[in-house]
Amino acid sequence: MIELVNIKKGFGDKVILPEVSAKMETGKVNLIIGASGSGKTVMMKCMVGLMEVDSGKVLYEGKDFTGMEEKDRKEIRREIGMLFQGSALFDSMTVEQNVMFPLNMFGSGSLRDKKKRVMECLERVQLKDAARKFPAEISGGMKKRVGIARAIVLNPKYLFCDEPNSGLDPQTSLLIDKLIKDITKEFNITTVINTHDMNTVMESGDHIVYMYQGRKQWEGSNKDIIFSKDEKLNDFIFASDFLREAKEIRQMEMFQQKDWRDKLKKD
Amino acid sequence: MLKGMFSRPENMKMYWKEFMLQCVDIGIGSLGIVLIISIFMGGVTTLQISYQLVSPIIPKATIAQVVRDTIILEFAPTLTCIVLAGVVGSKIASELGNMRVSEQIDALEIMGINTKGYLIGPKILASLIMIPCLIAIAGFLGIWGGLEAGSLANILSPEEFMQGLRQEFKAYNIFFALFKSFVFAFIISTVPSYYGYNVQGGALEIGKASTTAVVVTCVLILFMDYLLAAILL
C-alpha cells in the first residue's frame, strides 16, 4: 500500500498541491483523475520521487519514502515499474533490448534466463513478434505495451502509469486498460494510474481519487461514481449529454440490483 | 551536476558498455572531420607562412619549423576542439535533451539508476581519453599536410621540411598541447551535458540548448586557450 500523508507541493508562489492525503491500495487499480492542471501529474511525480514534496510524507508499506536517504530510496525504486505518457522507450535499443535493460542493470542470471524472461513479458503484452524492431518502427499502442513489458520485467510491487491511453484509439485503449488490470490482479501489485480517460475510469477504477484544483475532491470506486452527488465530479466525468444519458441508464441498471438498492437506501 | 555523478555504479558492466559506446561515438565518429580539417589546416599554414617569409636570409626550413610550432601549440588543439565543440558538443546536448524531454531520463531515475553517473560520466571519461588522441592525430596529419602542400606548390622539398621539423624542437610544446587538449575535452563534454541534461520544454528548447551549449563551449575554449598560454608559456 502507498499512503500520502498531507503532502504539499508548490513551484515558487504557486501552490499545486495544498495538502493531499490518500491511500493507494494493494491489488487494486487506483486511479488519480482530474482536469488538466488539477495536480495529478505532480502528485504522481511526488509519489515516485521525481519531485520532492515541500512537506508531508509518502509511505510505501509504512516506510517514509520522502525522508529516506538516496541509497534506501533506490531499494524501493527497484520495486517500482512505471509506464510513461510518451512510453519513454530508449530510441537506440530494440524492443527486446528495451525490456531487457532493467534486467541487465539489476537482474542476475545468465543471458539465456534474461532472454526467456523478456520473451515472457513480451508474450504477456502480445508483442513477441516485434522483439527485433526499434521504437520508431512500431505504433503508439505497441510502444505503450513495450513500456508495460519493461515496467513489469523485474516483477515490481508498484506499477505507475501516467496517462496510459493518451493518443490511442478506443480499442487499443481498452486493450491497455485490460492488460494493466489483469497484471494488477495476477501479481497482486499496487497500481496507480493517472488518467482522464472515462473508459478507464468506468472499466478499471477499483479505487478513484478525483483531484480538483490540487485538492482531493472525491474518493470512491467506479460504481460509486454512478450515484455520486458531487457536482464537480459529475461535471467532470459526465461532461457531455451522451455521457449523462449513459449514466442514467447505468443508474437504472444498477438500481435493479438488490445490494445496490439497499446500499442507496441506507445512504 | 558533477558531484551527483559520483556514486557506486549499479552495474559496472553496463557502465563499461556505455563508456565504450561513447568512445566509439566521440572518437571514431569524429575521426573523419578531424582528418579533413587537420590536413587542410597544415597545408594552408605552409602556404601562408611561405607567402609571408619571403626574405632571402631566412632559410626555407624555417617555414616547416613555424608550421610545426603553430600546429602543435595552437591549431591542432584549439581549432580541432572548436570543431569538436560543434560536432561532439551539439550531439551530447541534443541527445541528453531529447532523453530529458521524452522522459527517458525519468524512466532511468525510476529504475533507481544514477542518471548523471550513467549518462554523463561515460561521456566525460570517453572525451578525456578520445579527444587528446584525436588532437595527437590532428597534429601529425597537420604537419603531414604541410609537408605535402609545400612539396606540391614547390615551396620547399620534403627534405627541407623534415630538416625544419627537427630545428629547435621543444618537447614541452607537446606537453602543453596535450594539457590543453585535456582541459578542452573536459569543457566539450561537461558544458553540453549540463545544457542537455537540464532542458525543459520541447523540440525548440532542445535546439536552443544545443546552440547555447556549442557557443558557451567555444567561448570557454578560447578563454582557457588564452589563460593557459599566459600561465604555461
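Novice: Where do I start with the overall build of chain A in this structure?
Specialist: Helices and strands together make up the secondary structure of chain A, namely 11 helices and 10 strands. The globule rule puts the C-alpha radius of gyration for 267 residues at 18 Å, and the 19 Å found for chain A is close to it. Summarising its shape, the C-alpha atoms of chain A cover approximately 60 × 40 × 30 Å along the three principal directions. For chain A, the share of sequence-separated contacts (at least 6 apart) that also reach a separation of at least 24 residues comes to 66%.

Novice: Please clarify how the interface of chain B and chain A should be interpreted in this entry.
Specialist: Every contact between the two is made by 13 residues of chain B and, on the other side, 15 residues of chain A. In terms of residue count, the dominant contributor to the side of chain B that touches chain A is helix α3 (residues 104–110) of chain B (5 residues). Classifying every residue of the side of chain B that touches chain A gives 5 nonpolar, 4 polar and 4 charged.

Novice: Help me understand the packing of helix α2 (residues 61–101) of chain B against helix α7 (residues 203–232) of chain B, please; the structure alone is not making it clear to me.
Specialist: Angle between the axes and distance between the axes are the two parameters that describe a pair of packed helices. Residues and elements named next belong to chain B. Axis separation between α2 and α7 bottoms out at 8 Å; the angle between their running directions is 150 degrees. It follows that α2 is roughly antiparallel to α7 by the angle criterion. Both α2 and α7 take part in a crossing whose hand is right-handed. On α7, the residues that touch T78, C81, I82, A85, G86, G89, S90, A93, S94, G97, N98 and V101 of α2 are I206, A209, S210, A213, V214, T217, C218, I221 and D225. The residue inventory of the contact of α2 with α7, partitioned by class, reads 11 nonpolar, 9 polar and 1 charged.

Novice: Is there a simple way to explain the environment of B:G139 in this structure?
Specialist: All names here are of chain B. Following the sequence through the fold, G139 ends up in helix α4 (residues 115–152). Judged by the 25 C-beta atoms lying within 10 Å of it, G139 is buried. C-alpha of G139 to C-alpha of I72: the two residues are 67 residues apart in sequence and 5.9 Å apart in space. Among all residues touching G139, those that are not within four sequence positions of it are I71, I72, A76 and A177.

Novice: Whenever I open this one, the environment of A:F134 confuses me. Can you help?
Specialist: Locating A:F134 in the fold gives a position in the loop between α4 (111–124) and α5 (140–152). Linking A:F134 and A:D91, residues 43 residues apart in sequence, is a C-alpha distance of 7.0 Å.

Novice: So what exactly am I meant to see when it comes to the nonpolar core here?
Specialist: When a protein is soluble and globular, its nonpolar side chains tend to lie buried together. Ranked by internal contacts, the top residues of the largest apolar core, which has 123 residues, are A:M43, A:M47, A:M82, A:V99, A:A149, A:F160 and B:I188. Residue contacts for B:I188: discarding those within four places in its chain leaves B:C81, B:L84, B:A85, B:V88, B:G89, B:S127, B:I131 and B:T217.

Rules and cut-offs
Residues numbered from 1 in each chain as written. Chains lettered and ligands numbered in written order. Predicted model: local features only at pLDDT ≥ 70, side-chain atom pairs only at ≥ 80, totals over all residues. Helix = DSSP H or I, 4+ residues; strand = E, 2+ residues; numbered from the N terminus. Rg over C-alpha atoms; globule rule 2.2 N^0.38 Å. Contact = placed C-beta atoms within 7 Å. Nonpolar A, V, L, I, M, F, W, Y, C, P; charged D, E, K, R; others polar. Axes fitted to C-alpha atoms, helices over the stretch in contact; angles between N-to-C directions. Parallel < 35°, antiparallel > 145°, perpendicular 65-115°, else oblique. Left-handed = near helix turned anticlockwise from the far one by under 90°. Buried ≥ 20, exposed ≤ 12 C-beta atoms within 10 Å, placed from the backbone. Core = buried A, V, L, I, M, F, W, Y, C linked by C-beta atoms within 7 Å.

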